[in-house]
Every structure is written in C-alpha cells, then in structure tokens.
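# Breakdown of the fold
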Amino acid sequence: MNLLKIRYFPTLISSLFFSKLGDYAYEVIFVFIVLEVTNNDYLYAGVVYFFRFIPFIFFGPIGGWLADNGYIKKSLIYSEIIRLIISIIIYISYINEAINISLLISSSFLTTVGRSIFQPSFQTFIPQIIENKKLSKANSITQIIEEVSSILGPLLCSLIILVSDKGMVLIFNSLTYFISIIILLGLNEDKDKKNKNKKIYIFSVYKETFLNIGNMFRTEYSLFVAIIGSSLCILFTGSVIRFVIPAVSIYMNGDEVFTSYIFSLMATGTIIGGIIYNKTITKSTPNKLMFYWFIYGVIMLIMSLLSMKFILMLSLILGIFGAFVDITLITTIQTLSKKENIGRNFGTFSTLANTAEALSGITSGVIATIGITFSFTIMSSLIALIGLYGITLTSNKKNTN
C-alpha cells in the first residue's frame, strides 16, 4: 500500500503492533488474576476496574496538551517505559505470591497514566504525516494492525498458559513494551513546531479542556455528539468486553482458553471490518458513527440472551461493527477538529471515554451482584438506546457537518 511508504507511518504502526500484542495477552490474563485475587467477587473486581481507568480524568487532558504542544516521540516512549516498569513489578509480585487488590489497583492506575499519554499523541501524529483524504484509509490500516495483535495476543496467551503459567504472560507483555520502545527511537518529528517550548500549567490545561467542551457544543455540535455519545456507549461497552463476557464464560462453564477464543473471533471480525470499511463507507460522519453504535449494542444484546455456543458465533459479527465504530470515531475527530485542537479533542475524548470505562467497572460490579447475565443484558440494551438517540440528534441537518 502507498501509505506504508509514507515516512514514519510504518514506524508508528510497528510500535503499535508490538505494544498491543502484549496488551491483549495481558487483558485476558488480568481479568483472571483479578477474579483469582478477589475470589470471584464481582463487586471487588469492579472496584479494581474503576481505579484502572479513573486516571484518565486527571491525565487525559495532560496527554492531549502534550500531543499539541510537546514532542510526540518523547511522550510515546515515556508512556511505554511506565508500562514496562509496571508489568515487571506485577510479574515479580505474582511469582512471589505477593499480589493483592491494593497492588492491582495501584499498578492499574499507573499503567493507565501511560495509556493516557500514549493514546492522544499517537492519534494526533497520524494527521501530521497523512493528508485528510487518506485519513480514513490510514485509520483502517491502524485498526487492522491493532486487531491482528488482538488476535495473536489472546492466542499466544492461551499457548503460554498451556505450556507454562500466567507469570510467563506477564514476561511476554514486558518484552513487547521493550520492543515498542526500540522501534519508537527511530521516530522523528518537526523540532520547529509551534509551542514546543511552551510550559505546561496543570490547572490551565484542565480549564482549557472544559472550555473546549463548551465551545465544541456551540460551534461543532455534531463532533460534540460523536464524542459524548461514544463516551456514554463506552461506559457500558468497556466493562462488558473486559469483565462481563469473561465472567459469563466462567459462570456458564467456560474456561480461560474458551474466553481467549471469543476475543480472537472478535479481533478477526475487526480485521475484516477494517479491510472492508473503505470499500463500503465513502465518508465518516457522526450520524454513521451513532448508527454503528446502535447495531453494535443490538448484536451484544442478542449475545446476552443466547448460549455460549452462539456467543462464539456472534463474536465475529460484533468485531466487524466494532471496527466500523472505531474507524468512524477516530476519522470523525481528526477531520472535524481544527488543526490546533486535534490533540486536545483526542485528550478530551480519552478523558471522557476512559472515565466512563472506570465507572463501568463499578456499574457492572453492582449489577452483577443481582446476576452476571442480567448485567450483560442491561448494559447491552443501554448501548443500543444511546446509539439510537445519537442518530436522532445527528439526523438534524443543521447539526450535521
């Protein structure tokens, strides 16, 4: 592909591949470590997930500010170093049987700090090297690369568990971060970029973030709906994917390997969605984004009402529409944002979306005390309803860009 010949784009996606390869292997094992430490107490597990995502409230705006005003290469490398160190600490604690809820919470918190810096910087750098008309294709490639990792990650996780134990998955995760750091060392950017030497004032960053949300509501309403609506959907999606589905799998006599198959099928569907996206979707808009969220919620609702055998089958379709959601969302923010605000808008979205994920851990934990399958059904229904309401808001011609 011609995009792969663009300077630094292959470097970015190669780093993403290895970083996400470890992430997805770790995601599978993390939920089982949490359930093991909490003795399958869903409420405690929800608390762990709350603290895992809550740092985005504080560091999401800072990550967005650094993407607009700092050196992106440094931000990317530092975020990977933070996550590498935490992964090693978790491994040492796990093999010495010293892991507990406090350690899981603190390590999750710091890992998320790294993510809050990495995410806006990565997404902001792509429009700097690729022209707008090719952004959708670039985001599709990025999505495919990420989802190839999300297939290989759980599969490698299963293989490692079969021949060794959970500790070796943690070692594997650390190795992928180290490789990502080595790759990022070859990245360069414009050292003359405006505001590079601008000092960061934390309170000013938070103030600018709140002002940006208000300004977006007044002048870029369709973008506002896309970001707020997606954040609300993620409030329920994050917990379902990372916590509820694995818990349901165990509850319905599944096991760790079977859960890995579910995630691998979702990832396969996401790759298919990334491949066909540009062949079927001519333009990314907020209205299409909310429509895809609606379909995503409906599919997930159907999954919650069926047996594990059918959940496995529908995982592929869910992955396809998950790709449509992700690509449309990123492209919409990139194309509708002003050039000087791309990082800030991604930082705002990261803050809202990941705060929603933090709250989803508590929400699912509380609902799961009534019934884990009930939690699955309720949260899936809410995703579909939010998507449907978002379609109504973005269908108004004067509010649609």
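Positions within a chain are numbered from 1, following the residues in the order the chain's sequence is written. Owing to the predicted nature of the model, reporting of local features is limited to residues with pLDDT of at least 70; listing and counting of side-chain atom pairs is limited to 80 or more, with chain, interface and lining totals taken over all residues. The basis for every side-chain value is the complete set of heavy atoms in the structure, and neither hydrogens nor water enter the calculation.

### A look at the overall build of the protein chain
Condition: Note on conventions: DSSP H or I runs of at least 4 residues are helices, E runs of at least 2 residues are strands, and numbering of each starts at the N terminus. Partly exposed describes any residue whose relative accessible area lies between the buried limit of under 20% and the exposed limit of over 50%, with all areas from a 1.4 Å probe on protein chains only and scaled to the type maximum. Between two residues, a contact is recorded if the distance between any of their heavy atoms is within 4.5 Å. Every accessible area reported is derived by Shrake-Rupley at a probe size of 1.4 Å, with residue values counting cover from the shown protein chains alone.
Looking only at helices and strands, the protein chain has 14 helices and zero strands in total. With 401 residues in all, the protein chain has 58% of them scored as buried. Contacts in the protein chain between residues far apart in sequence, at least 24 positions, make up 87% of those at least 6 positions apart. Carbon and sulfur atoms provide 66% of the accessible area of the protein chain, an area that totals close to 16900 Å².

### Brief notes about helix α11 (residues 286-304)
Since there are 3.6 residues in each turn of an α-helix, residues three or four apart along the chain are aligned in direction. Note the threshold: Take the residue count of a helix, subtract one, and multiply by 1.5 Å to get its expected span.
Compared with an ideal rise of 1.5 Å per residue, which puts 19 residues at 27 Å, α11 spans 27 Å between its outermost C-alpha atoms and is within 8% of the ideal. Of all the residues in α11, the buried ones are Pro286, Leu289, Met290, Tyr292, Trp293, Ile295, Tyr296, Gly297, Ile299, Met300, Met303 and Ser304.

### Brief notes about unusual backbone geometry
At glutamate 97, a residue that is not glycine, the phi angle is positive and equals roughly 55°. Tracing the chain through its elements places glutamate 97 in the loop between α4 (72-95) and α5 (101-129).

### Focus: the pattern of salt bridges
Under the convention used in this document: One speaks of a salt bridge when a side-chain nitrogen belonging to Lys or Arg is within 4 Å of a carboxyl oxygen belonging to Asp or Glu.
The tally for this structure, following the rule as stated, stands at four salt bridges. Among the ionic pairs, arginine 83 bridges to aspartate 23, the shortest N-O distance being 3.8 Å. Here aspartate 23 lies in helix α1 (residues 9-37) and arginine 83 lies in helix α4, a separation of 60 residues in the sequence. Its relative accessible area of 4% is what places arginine 83 among the buried residues. A salt bridge links arginine 83 to glutamate 80; the shortest N-O distance between them is 2.3 Å. With arginine 83 and glutamate 80 both in helix α4, this residue pair falls three residues apart, about one helical turn.

### Focus: the side chain of threonine 237
Selection rule: Any pair of N or O atoms that falls within 3.5 Å is considered a polar contact. Within protein, one atom must be able to donate a hydrogen and the other to accept it, and sequence-neighbouring residues count only if both atoms are side-chain atoms.
Tracing the sequence through the fold places threonine 237 in helix α9 (residues 221-251). A relative accessible area of 8% places threonine 237 in the buried class. There is a polar contact of 2.9 Å between the side chain of threonine 237 and the backbone oxygen of cysteine 233. In this structure, threonine 237 is in contact with Trp293, Tyr296, Met300 and Ile383, ignoring residues within four places of it in sequence.

### A look at a nonpolar patch on the surface
This is how the line gets drawn: Each patch is assembled from residues with relative accessible area greater than 30% and no salt bridge, linking like charges that lie within 9 Å and nonpolar side chains (Val, Leu, Ile, Met, Phe, Trp, Tyr) that lie within 5 Å.
Among the surface-exposed residues, Ile302, Leu305, Leu306, Phe310 and Met313 lie close enough to one another that they form a single nonpolar patch of about 470 Å² accessible area. Structurally, phenylalanine 310 is set in helix α12 (residues 308-336). On the accessibility criterion, phenylalanine 310 (34% relative accessible area) is partly exposed.

### Looking at the nonpolar core
Heads up, the rule is: Take the buried residues of types Ala, Val, Leu, Ile, Met, Phe, Trp, Tyr and Cys, join any two whose side-chain atoms come within 4.5 Å, and each joined set is a nonpolar core.
Ile241, Trp293, Met300, Leu318 and Phe376 are the most contacted members of the largest nonpolar core, which has 76 residues in total. Examining the composition of this core, we find that 14 residues originate from one element, α9, more than from any other. Beyond its immediate sequence surroundings of up to four residues, leucine 318 is in contact with Ile241, Met266, Tyr296, Ile299, Met300 and Met303. Phe125, Ile126, Ile130 and Leu184 belong to the second largest nonpolar core, which has 21 residues in total.

### Quick word on the confidence of the model for the protein chain
Note the cut-off: pLDDT expresses, on a scale from 0 to 100, how confident the predictor is about each individual residue.
Looking at the protein chain, pLDDT values average 81 and 86% of them are 70 or higher. Mean pLDDT values for the elements of the protein chain range from 70 in helix α2 (residues 42-53) up to 92 in α11. Low pLDDT, under 50, characterises residues 397-401; the predicted model gives this stretch eight contacts beyond four residues in sequence or across chains.

### Description of the packing of helix α6 (residues 135-163) against helix α7 (residues 166-184)
Heads up, the condition is: To obtain an axis, a line is fitted to C-alpha atoms, over the contacting stretch when the element is a helix, and the angle between two such axes runs from 0 to 180 degrees between their N-to-C directions. Relative orientations are named as follows: roughly parallel for angles under 35 degrees, roughly antiparallel for angles over 145 degrees, roughly perpendicular for angles from 65 to 115 degrees, and oblique for any other angle. Here a crossing is called left-handed whenever its near helix is offset anticlockwise from the far helix by less than a right angle, and right-handed whenever the offset is clockwise.
Relative orientation of the contacting elements α6 and α7 amounts to 135°, with a least axis distance of 8 Å. Judged by the angle between their axes, α6 and α7 are oblique. Read as a crossing pair, α6 and α7 show a hand that is right-handed. Across the interface between the two elements, Leu156, Cys157, Ile160 and Ile161 from α6 touch Met168, Val169 and Phe172 from α7.

### Quick word on the packing of aromatic side chains
Convention followed: Two rings from Phe, Tyr or Trp (for Trp, the six-membered ring) form a pair when their centres are within 6.5 Å of each other. A pair whose planes differ by under 30 degrees is stacked, one over 60 is edge-to-face, and the rest are tilted. Whether a charge sits over a ring comes down to the Lys NZ or Arg CZ being within 6 Å of the ring centre and within 35 degrees of the ring normal.
Scanning the model with the defined rule gives eleven aromatic pairs in all. Geometrically, the ring pair formed by phenylalanine 17 and phenylalanine 18 is edge-to-face, given 5.1 Å between the ring centres and 80° between the ring planes. A ring pair is formed by phenylalanine 217 and phenylalanine 224, whose centres lie 5.0 Å apart and whose planes are at 75°; its orientation type is edge-to-face. Taken together, the ring pairs connect Tyr277, Phe291, Tyr292, Phe321 and Phe324 into an aromatic cluster. Above the plane of the ring of phenylalanine 118 lies arginine 83, whose end atom (NZ or CZ) is 5.1 Å from the centre.

### Comments concerning the side chain of glutamate 146
Looking at where glutamate 146 falls in the secondary structure, it is placed in helix α6. The residues contacting glutamate 146, other than those within four sequence positions of it, are Leu16, Lys20 and Tyr24.

### A few points about the packing of α5 against α6
Here is the rule we go by: Classes in brief: Ala, Val, Leu, Ile, Met, Phe, Trp, Tyr, Cys and Pro nonpolar; Asp, Glu, Lys and Arg charged; the others, Gly included, polar.
The contact between α5 and α6 brings their axes to 10 Å, and the two run at 140°. The pairing of α5 with α6 is recorded here as oblique in orientation. The way α5 lies across α6 gives a crossing that is right-handed. Contacts from Phe122, Ile126 and Pro127 in α5 reach Leu135, Ala138, Asn139 and Thr142 in α6. Here the residues of the contact of α5 with α6 sort into five nonpolar, two polar and no charged.

### A few points about the environment of alanine 323
Turning to its location among the elements, alanine 323 is positioned in helix α12. Classification of alanine 323 as buried rests on a relative accessible area of 0%. The sequence separation of alanine 323 and methionine 266 amounts to 57 residues, and the corresponding C-alpha distance is 9.7 Å. With near-sequence residues (within four places) excluded, alanine 323 lies in contact with Gln143, Thr270, Gly273 and Gly274.

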